[in-house]
Amino acid sequence: MNWLKKGPLLAVAGGVLLVWVFVVFFFDSALKHALITGGQAAAGAKVEIGFLRTRWLKGSLVINRIAVADHEQPMKNILELSRAAFQFDVSAALRGKAVIREAALEGLRQGTARTTSGALRRRPPPSALTLAVAKQIAPVKEAALSKVSEAKSSIASEIDISKLSALKKLEEAKAKSKEIEERWKGKSSEIKEIEKEAREVAEQLKALGGGSSFDIFKKARSAKQAQERIKALISRVDAQKAEAQKDIGTAQALMKEADELRQKDLNGLLSAAGLPGLSSTDIARRLLGAQTASRLATALHWMQLARARAAAKKAPNPPPPPRRQGLDIEFPRAHSYPRFLLEGAKITGTLDGVMGGALDLNGELGGVTSNPQLYGKPATLAVAGKSASGSAAMLNARLDQQKDPVGVSLDFNGEGFSLAGTQLGDDGVGGAIKDGRAQIKGHLSSSGDDWNGEIFLSAVGVVIEPRVSLNGASGALVAEALKSLSGFNVRIGISGSEKDLKLAFSSNIGEAVSAAMKKALAGQIEAQKKILEAKLASIYGDRFKDARASTDGLASKLLGPLDAQKSALNKQLSDALGHGIGKTLNFNKLFK
Amino acid sequence: MNPLRFLKDLISALHGGSDPRHLAAGFALGAALGLIPKGNLFAVFFLLLFFALRLNKGMAFLSATVFTPLGYAVDGLAHRIGLALLKAPALQNLWATLYDLPIVPLTRFNNSVVLGNLVIGALLYVPLYFIFLRFALYYNAVLAARVENLKIIQAFKGLRWYQTYREWTS
């Protein structure tokens, strides 16, 4: 045994021992840390793992208690699992592949409360999708019912004349009328020239009256020339008239604008006084926007994440890998496994507090892989549940990772969802739903950058405990309107690309509140309107009459002389025609 | 497996008491170990070589420590070399065979950065060995005595715990 030296042998044995010590004592911790880090990067919120244990010889991995916080609602978990067990293919594991033949995800719960915030210390910036949802669906806090409790009673005394835009427009109209009038005074020479020429033509026609009948052809020719001149003069008068009408139109348009601005001034003063617009859509967004936007943003975030991850794997020119990580190239033989494959995972769980009673969930997750092209099938998730009370829910998700572009779709349908405990609106206008059931169904899909889908929620048997802090009759009526609601519908339509996402939000919940507000505030609005209108009428009064007189006066001043000139020229023309066809011929003598 | 052995090796190297070939081998192997990303069987394999071969472990440890951050610096180059090799048509059969063997894929040879750094480490091994060998010879001949006479080294050697350590290891 001369060739085998004790020292190096012991050294190698020591090295192996070191590796073994690392695996036994540190591998599980390292894997747990890696799973938490990866999960947090994906979820954008905290991920907690209670206990993790790998058994190399058995090829199993067991994780107890996994909690993934909701990045939209950090005090809630979007998902919680009491136990997850994975059975690995040991032969594939020896080849560096994580092939999970079967898995069990047990104790699935959703929306469970957290004792600590699930927000990350460094929260990732919101995605374009989240921003689009926030912009188009999140509550409109400063609209619809804003400042209604601050409605002033003496707004008419606070009118600032310098801010009335209609007054400025009236002054503009008046100045324009004056400018037009002055300009037309300068044009009087043109009118005089037409008059002068018309007189000359009249003289010419008069001269045609004498002479013998043998000069008939000469007279006809002269009459024709006179006709041409008169027609030219009429054209000149028409041109002048058209120009005058254009100027008059400009002045009148300014008057019309001033009139419209008077109404806007009135609305502006009403708004400044705290009298609301009462848009039913805005009220619906105020009541339901926060809940809807949060859930929708979460759903879109996970769908986008799944699609983006699958698409990145298929990119023909992937971006440079992060430092020290490199790029893994697979060299699969026929029928070999991808580097990671979750063939199938049975999901069991209980959905508490969502359906009024416990909903037993059963489902399956499969086809999750690192190499979609090799695996060739979509990743699917199907979960269904039914409660003893008859409530039911189902969710089907599909990631078409092998297609180009990668598509992701989500279909869900559930009835009997309990709405009890749901908060509506804010401290100003809102309430808590004490009882009620909802049916929700929807379809969301994304292919490449394009999004499509529709979500419909119908709530019935709703009992709302209003929380309204509006003063006066409006508060009581809105509270009454919320109290009287027994059901409502919400519809969200999604379309467009990721950069230009279009969301259509509609709900009839705003209509009831809006109607109540209108009813409550109708008296106040009318009274304020009347006071304001009277005040505005006194402010505008003479100014409006002056401006109107100026513009109306323009018509008579400009068009009057031109109309008179034109009628005179028309008369001359008919005279000239008479001369042309032989007015001078004495038919009585001719046929005597 | 005494960790202080590394220190002793290093000190021994500093005052010219080590075989220059062992120093050079330690330096070159440490460089290869430092360059390769950890967390794969190659790293484990190099670690085992580190223990098994007759080389200056102190120098290997120092070299691995120095070359680990250098690995980050040459990541881009390593990725390009690794990717070119992994995608080379002539090598596809070799890679596919290796990929299908048990254990071998755990080396992560199919990762561009791992393979690239392995190639860089292998290519640098021989030049680094000879460069460091020449340096070690020069050091032993010229610099070792000067270093021995440095005040800081004298002060260090005068420390009680160093004396105790010397007695213990000798």
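Rules used in this analysis
- Residues numbered from 1 in each chain as written.
- Chains lettered and ligands numbered in written order.
- Predicted model: local features only at pLDDT ≥ 70, side-chain atom pairs only at ≥ 80, totals over all residues.
- Heavy atoms only, no water.
- Contact = heavy atoms within 4.5 Å.
- Buried area = accessible area lost by both parts, 1.4 Å probe.
- Salt bridge = Lys/Arg side-chain N within 4 Å of Asp/Glu carboxyl O.
- Polar contact = N/O pair within 3.5 Å; in protein donor to acceptor, adjacent residues only side chain to side chain.
- Helix = DSSP H or I, 4+ residues; strand = E, 2+ residues; numbered from the N terminus.
- Phe/Tyr/Trp six-rings, centres within 6.5 Å; stacked < 30°, edge-to-face > 60°.
- Buried < 20%, exposed > 50% of the residue type's maximum accessible area, 1.4 Å probe, protein only.
- Pairing = 2+ DSSP bridges.

### Structural notes on the interface of chain A and chain B
Counting from both sides, the interface comprises 27 residues of chain A and, opposite them, 37 residues of chain B. Summed over both sides, the interface between chain A and chain B buries roughly 2,700 Å², with carbon and sulfur atoms accounting for 59% of that surface. Taken together, the links from chain A to chain B amount to 1 salt bridge. Joining chain A to chain B, the criterion identifies 6 residue pairs in polar contact (both at pLDDT 80 or more). Per-element tally for the side of chain A that touches chain B: the top contributor is helix α1 (residues 6-43) of chain A, with 8 residues.

### Focus: the packing of aromatic side chains
Residue and element names in this part refer to chain B. Under the definition given, this model contains 11 aromatic pairs over all chains. For the ring pair Y129 and F130, a centre distance of 5.2 Å and an interplane angle of 90 degrees mean the geometry is edge-to-face. Its relative accessible area of 18% is what places Y129 among the buried residues.

### Comments concerning the pattern of salt bridges
All names here are of chain A. Scanning the model with the defined rule gives 25 salt bridges over all chains in all. For R101, the salt bridge is made with D89, and the minimal N-O distance between the two is 2.5 Å. Taken together, the residues R101 in strand β4 (residues 98-108) and D89 in the loop between β3 (77-88) and α2 (90-94) connect sequence positions 12 residues apart. Overall, the relative accessible area of 34% leaves R101 in the partly exposed class. Looking at D89, the relative accessible area reads 14%, which means it is buried. Notably, a salt bridge pairs K176 with E179, separated by 3.5 Å at the nearest N-O pair. Residue K176 and its partner E179 are both found in helix α4 (residues 165-186); the two are separated by 3 residues, about one turn of the helix.

### Quick word on unusual backbone geometry
Not every positive phi belongs to a glycine, and R65 of chain A is a case in point at roughly 55 degrees. Mapped onto the elements of the fold, R65 of chain A is located in strand β2 (residues 60-69). Looking at R65 of chain A, the relative accessible area reads 36%, which means it is partly exposed. For R108 of chain B, which is not a glycine, the phi torsion comes out positive at approximately 60 degrees. Following the sequence through the fold, R108 of chain B ends up in the loop between α6 (92-100) and α7 (112-149).

### Quick word on the side chain of T369 of chain A
Residue and element names in this part refer to chain A. Mapped onto the secondary structure, T369 falls in strand β6 (residues 359-369). In this structure the side chain of T369 is engaged in a polar contact, spanning 3.0 Å, whose partner is the backbone oxygen of F340. Sequence-distant contacts of T369, defined by excluding residues within four places in its chain, comprise P338, F340, L341, Y375 and Q401.

### Describing the pairing of β2 of chain A
Residues and elements named next belong to chain A. Counting buried positions along β2 gives 7 out of 10 residues, so the element sits mostly inside the fold. As judged from the 8 bridges shared by strand β1 (residues 47-55) and β2, these two strands associate in the antiparallel manner. Residue pairing for β2: T54 is matched across the bridge by L61. Between β1 and β2, which pair antiparallel in sequence order, lie 4 residues; one of them, G59, sits at a positive phi of approximately 70 degrees. Taken together, the 9 bridges between β2 and β3 define a ladder with antiparallel strand orientation. In the strand pairing of β3, I63 is matched with A84.

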